[in-house]
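Okay, here's what each chain looks like letter by letter:
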Amino acid sequence: MEENGNSNNVPKDIWKLPLSVFFKDARLVFKMDSLGKEILGIAFPSALAVAADPIASLIDTAFIGHLGPVELAAVGVSIALFNQASRITIFPLVSITTSFVAEENTIEKINTTAVEKQFTENIKVMSNEVMPDDHALQDIEKGASKENNETTTKSLAENDANTNICNTSTDTSSCNKSVSKTRRKKRHIASASTALLFGTILGLLQAATLILAAKPLLGAMGLKPGSPMLIPAVKYLRLRSLGAPAVLLSLAMQGIFRGFKDTTTPLYVIVSGYGLNVALDPILIFYFKLGIRGAAISHVLSQYIMALALFLILMRKVDLLPPSIKDLQIFRFLKNGGLLLARVVAVTFCVTLAASLAARLGSIPMAAFQTCLQVWLTSSLLADGLAVAVQAILACSFAEKDYDKVTATATRTLQMSFVLGVGLSVVVGVGLYFGAGIFSKNVLVVHLIRISIPFVAATQPINSLAFVFDGVNYGASDFAYSAYSLVMVSLASVTSLFLLYKSKGFIGIWIALTIYMSLRMFAGVWRMGTGTGPWRFLRGRSLS
């Protein structure tokens, strides 16, 4: 009987779902302990950096607006096309770079610590401070990552050479200096070199494509051969496309800095770069009378200056030339990049389809929808900062196999995102109700905006959680699940969009978008809450 009782208890423990993990230490959500400070220290600068681009674009638009409505519309279409092309390449590159750099940097630190520990032991042995420990090296080798055995062995050999030099002197101060010098050496991060390689190639391909195919691509955006907007749009797009390599390189380097948990350095460079862009706009547009060409040139110049500044700073921290081509993680980048590319296409298709269906209802519904859509997605600017923070910290913690910190970081960040979403719900709801007239003077447009408020405001917590769950998945290197789950979500959402559009019209589109974001959030809850994939360790842990 006792044996049967034990056998009955085992499956219950194994299959118990760790859903309670999401409520773990919820009372600590506002606590500014070391973890809270680390999350916000990464998230806040990252959110500001993300917000810098749309703010600069808004100022650009204000300057271009003084040139006339044709120029403004032409530039608007060109920017939309450029951003759409960039999004397809940028998102996978930055997301993968952040995770891989964080993981590789952590493993290198573990190996370096192990090497320095052994080196210190050797010094102590030679100065007769402690007796030799025959098992020290074995323990170190067990603790080091299997993936970096060659690097560890090489470092041990170098330190053995230093030890031989130290043998000639009883003074250990020179040996200690050697250890310090080792610590100051540039980091060897192969994924950083790979990210820069891919950023350069993708940037050149994007530039060539947009320059050579400017007219047909703008035609697909609705600018027909007889349109007065076509010629200025082509000029602006071709000039702006010259900056594509700098844009992709800058974002690849931002991903590298994020992997180091450093979002402050990119923030300073980005703010300075966009500040230069804003300063050059009136000079080139009006003083030199270059018009929209001046706006494009100022943007391209600022992008290359930002890329150069980030590159010079990065050179001081990382050895950007790998020892050999074999060290580049090309296949790993291609495999996971392809997965995230499918994810980006699925996301873009859902939102684009919703906008297309709204446009079919007429100009008034489209004006209201476009206004609400931009407000609806503003939470991504703030939630994206939390997503970057949780991704970087989780990637490091998984590499260290510090599952306590993995759990604490994921739950704390998700709880923060929910609180952020609730706060945004109040702000958005009140702001849209009383401020709808700011966006349009048309009574019908204002009426439709106010009808959309329950969907736009109430879904802010769902949006915030969905965006942060993306960071959780990337931090766990769960790229396959993130891609496949969102493709499935998109298929279900597209079906609901068509059905609800036909039966409910304008409101039906918003109901379908709410379903879409809810399914995205549920996909994240399901993976972590069921303890599958990289979260299997949660099944055997006490979450109380």
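Keep in mind that what you see is a predicted model, and the values were worked out from it rather than measured. (Residues numbered from 1 in each chain as written. Predicted model: local features only at pLDDT ≥ 70, side-chain atom pairs only at ≥ 80, totals over all residues. Heavy atoms only, no water.)

S.K.: Before we go on, may I ask you to explain the overall build of the chain in this structure?
M.R.: Each helix and strand counted, the chain has 20 helices and zero strands in total. Just so you have it, the chain exposes about 26,600 Å², and 66% of that area is on carbon and sulfur atoms. (Helix = DSSP H or I, 4+ residues; strand = E, 2+ residues; numbered from the N terminus. Areas by Shrake-Rupley, 256 points an atom, 1.4 Å probe, with all protein chains shown as cover.)

S.K.: What's the story with the environment of S397 in this structure? I'm lost.
M.R.: Turning to its location among the elements, S397 is positioned in helix α15 (residues 379-400). Sequence separation of S397 and A102 is 295 residues, and the distance between their C-alpha atoms is 9.2 Å. Residue contacts for S397: discarding those within four places in its chain leaves D402, K405 and V406. (Contact = heavy atoms within 4.5 Å.)

S.K.: So what exactly am I meant to see when it comes to the pattern of salt bridges here?
M.R.: Side chains carrying opposite charge are able to pair once their charged atoms draw close together. Scanning all chains against the criterion turns up 10 salt bridges. Residues E38 and K405 are paired through a salt bridge, measuring 3.1 Å at the closest nitrogen-oxygen approach. You can see E38 sitting in helix α2 (residues 34-65) and its partner K405 sitting in helix α16 (residues 403-439), a full 367 residues away along the chain. A relative accessible area of 21% means that E38 is categorised as partly exposed. (Salt bridge = Lys/Arg side-chain N within 4 Å of Asp/Glu carboxyl O. Buried < 20%, exposed > 50% of the residue type's maximum accessible area, 1.4 Å probe, protein only.)

S.K.: Would you explain the packing of helix α19 (residues 479-504) against helix α20 (residues 506-529) in this entry?
M.R.: Each packed pair of helices is defined by two parameters, the angle between the axes and the distance between the axes. With their axes 8 Å apart at the nearest point, α19 and α20 run at an angle of 160° to one another. By the angle between their axes, α19 is roughly antiparallel relative to α20. Handedness of the crossing formed by α19 with α20: right-handed. Of the residues assigned to the contact of α19 with α20, the class counts are 17 nonpolar, five polar and three charged. (Axes fitted to C-alpha atoms, helices over the stretch in contact; angles between N-to-C directions. Parallel < 35°, antiparallel > 145°, perpendicular 65-115°, else oblique. Left-handed = near helix turned anticlockwise from the far one by under 90°. Nonpolar A, V, L, I, M, F, W, Y, C, P; charged D, E, K, R; others polar.)

S.K.: Where do I start with empty space enclosed by the protein in this structure?
M.R.: Picture a little ball the size of a water molecule; that probe, rolled over the atoms, points out where space is still empty. Tallying each qualifying case throughout the model produces two cavities of 30 Å³ or more. What the largest cavity holds in volume is close to 80 Å³. Mapped by element, the contributors of at least two residues to the lining of the largest cavity are α18 (460-475), α19 and α20. Here the lining of the largest cavity is composed, by residue class, of five nonpolar, four polar and three charged. Size it by volume and the second largest cavity reaches roughly 50 Å³. Around the second largest cavity sit S46, A49, Q254, R258, D262, T263 and P266, which together line it. For the lining of the second largest cavity, the secondary-structure elements that each account for two or more residues are α2 and α10 (244-259). For the lining of the second largest cavity, a count of residues per class yields two nonpolar, three polar and two charged. (1 Å grid on protein atoms, 1.4 Å probe; cavity = no way out; pocket = protein on both sides within 12 Å on 5 of 7 lines; lining within 4 Å. Points joined across faces, edges and corners; volume = space filled by probe spheres on them.)

S.K.: Can you help me understand the packing of helix α13 (residues 330-360) against helix α14 (residues 363-376) in this one?
M.R.: Across the interface, α13 lies against α14 with an axial gap of 8 Å and an inter-helix angle of 150°. In terms of orientation, α13 and α14 fall into the roughly antiparallel class. Note on element contacts: α14 touches α13 through P365, M366, F369 and L373, opposite V351, A354, A355, A358 and A359.

S.K.: Can you help me understand the nonpolar core in this one?
M.R.: Note that soluble globular proteins tend to have their nonpolar side chains buried in a common cluster. In this structure, F369, I509, W510, M528 and W535 are the most contacted members of the largest nonpolar core, which totals 68 residues. The residues contacting F369, other than those within four sequence positions of it, are A354, A355, A358, F506, I509, W510 and L513. By size, the runner-up hydrophobic cluster in this structure holds 52 residues, among which are L81, M253, I256 and F257. (Core = buried A, V, L, I, M, F, W, Y, C linked by side-chain atoms within 4.5 Å.)

S.K.: Teacher, can you tell me more about α10 here?
M.R.: The terminal C-alpha atoms of α10, which comprises 16 residues, lie 23 Å apart, in line with the 22 Å expected from a rise of 1.5 Å per residue. Burial analysis of α10 places 14 of its 16 residues in the buried class, which makes it a mostly covered element. Count one or two residues on from α10 and you reach K261, which has phi positive near 65°. (Expected span 1.5 Å × (residues − 1).)

S.K.: Please clarify how a nonpolar patch on the surface should be interpreted in this entry.
M.R.: Nonpolar side chains collect at one region of the surface, where L197, I201, L205, I325, I330 and L334 lie side by side and expose about 550 Å² of accessible area between them. If you list the elements that add at least two residues to the nonpolar patch, you get α7 (190-212) and α13. Top element by residues in the nonpolar patch is α7. It accounts for three residues. (Patch = residues over 30% accessible without salt bridge, like charges linked within 9 Å, V, L, I, M, F, W, Y side chains within 5 Å.)

S.K.: Just to check I follow, could you spell out the environment of K317 for this structure?
M.R.: Here K317 shows up in the loop between α12 (292-315) and α13. The exposure class assigned to K317 is partly exposed, which follows from its relative accessible area of 30%. Separated by 131 residues in sequence, K317 and K186 have C-alpha atoms that sit 5.3 Å apart. Apart from residues no more than four positions distant in its own chain, K317 is found in contact with K186, R187, F257 and D262.

S.K.: What is the right way to read the confidence of the model for the chain from this model?
M.R.: The predicted coordinates should not be examined in detail at positions where pLDDT is low. Averaged over all residues, the pLDDT of the chain equals 84, while 85% of them reach at least 70. Mean pLDDT values over the elements of the chain span from 43, in helix α1 (residues 2-15), up to 96, in α12. Counting interchain partners and residues more than four positions distant, the pLDDT-below-50 stretch residues 1-15 has three contacts. (pLDDT = per-residue confidence, 0-100.)

S.K.: Sorry, what's going on with the packing of aromatic side chains here?
M.R.: Note on aromatic pairs: each is described by the distance of the centres and the angle between the planes. This model, assessed by the stated rule, comprises 17 aromatic pairs. With 6.1 Å between their ring centres and 80° between their planes, F22 and F469 make a pair best called edge-to-face. Of this pair, F22 sits in the loop between α1 and α2 while F469 sits in helix α18, placing them 447 residues apart in sequence. For F22, a relative accessible area of 17% translates into the label buried. Ring centres 4.6 Å apart and planes at 25° place the aromatic pair Y403 and F537 in the stacked group. Within this pair, whereas Y403 is found in helix α16, its partner F537 is found in the segment after α20, the two being separated by 134 residues in sequence. The partly exposed category is assigned to Y403, whose relative accessible area is 28%. The aromatic ring of F82 is capped on one face by R240, whose charged end is 5.2 Å from the ring centroid. Looking at R450, its charged tip hangs above the ring of Y433, at a distance of 5.1 Å from the centre. (Phe/Tyr/Trp six-rings, centres within 6.5 Å; stacked < 30°, edge-to-face > 60°. Lys NZ or Arg CZ within 6 Å of the ring centre and 35° of its normal.)

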